[in-house]
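Commentary on secondary and tertiary structure
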Amino acid sequence: MTKKLIIYTDGGARGNPGPAGIGIVVCHGQNENNILGQYKKYIGETTNNQAEYQAVVFGLQKAKEMKAEEVEVRLDSELVCSQLNMEYKIKNKDFQDSFIKIWNLRQSFKKVTFKHIPREQNRLADKLVNQAIDKKLLG
């Protein structure tokens, strides 16, 4: 049986740029309520979009560690999702390094898909982002 994972990713910054964090939720591919891991990380000062990209990189790295064969990345950033699906060009040079990291990580899996979801379906990853930023700012 193929090991498929669903990964919810989110990145955010308070201010743009500003203090930023990422949140990742990894679920078993047959049951999105079966959470295998939750991760949050403060990533320093950056923009919202750069944080979104870093969250996808981190999520794919976790999937690789978990030896997934197929990965569905769900994110609420329409811009980043469309760029990763090669529907939009990447004009901002700041995203190109992350895009290359993601492209290289994709080679570790049989199949990777990027799916845009409404923010309401990404609440847990968003909560993790805010916890990471709050922990850094509030101590």
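Whatever comes next refers back to the structure up there.
Criteria and thresholds
Residues numbered from 1 in each chain as written. Predicted model: local features only at pLDDT ≥ 70, side-chain atom pairs only at ≥ 80, totals over all residues. Heavy atoms only, no water. Phe/Tyr/Trp six-rings, centres within 6.5 Å; stacked < 30°, edge-to-face > 60°. Helix = DSSP H or I, 4+ residues; strand = E, 2+ residues; numbered from the N terminus. Buried < 20%, exposed > 50% of the residue type's maximum accessible area, 1.4 Å probe, protein only. Contact = heavy atoms within 4.5 Å. Axes fitted to C-alpha atoms, helices over the stretch in contact; angles between N-to-C directions. Parallel < 35°, antiparallel > 145°, perpendicular 65-115°, else oblique. Left-handed = near helix turned anticlockwise from the far one by under 90°. Nonpolar A, V, L, I, M, F, W, Y, C, P; charged D, E, K, R; others polar.

Focus on the packing of aromatic side chains
Given two aromatic rings, one states the distance between the centres and the angle between the planes to describe the pair. The final tally for this structure, using the stated rule, is three aromatic pairs. Here the aromatic rings of Phe 99 and Trp 103 are separated by 6.2 Å at their centres, their planes lie at 20 degrees, and the arrangement is stacked. Linking Phe 99 with Trp 103, this pair stays in helix H3 (residues 93-106), spanning four residues, or about one helical turn. By relative accessible area, which is 38% here, Trp 103 ends up partly exposed.

Overview of the environment of Ile 43
By secondary structure assignment, the location of Ile 43 is in strand S3 (residues 31-46). Of the residues examined, Ile 43 reaches a relative accessible area of 18% and is grouped as buried. When the C-alpha positions of Ile 43 and Gly 12 are compared, they lie 9.8 Å apart, and in sequence the two are 31 residues distant. If we skip the residues at most four places from it in the chain, Ile 43 touches Ala 20, Gly 21, Ile 22, Ala 51 and Gln 54.

Side note on the packing of helix H1 (residues 48-65) against H3
Angle between the axes and distance between the axes: these two values describe a pair of packed helices. Between H1 and H3, whose axes approach to 10 Å, the crossing angle comes to 15 degrees. When the interaxial angle is binned, H1 and H3 end up roughly parallel. In this structure, H1 meets H3 at a crossing whose hand is left-handed. Here Asn 49, Gln 50, Tyr 53, Val 56, Val 57, Leu 60, Gln 61 and Lys 64 of H1 lie close against H3, whose contacting residues are Asp 94, Phe 95, Ser 98, Phe 99, Lys 101, Ile 102 and Leu 105. Of the residues in the contact of H1 with H3, the class split is eight nonpolar, four polar and three charged.

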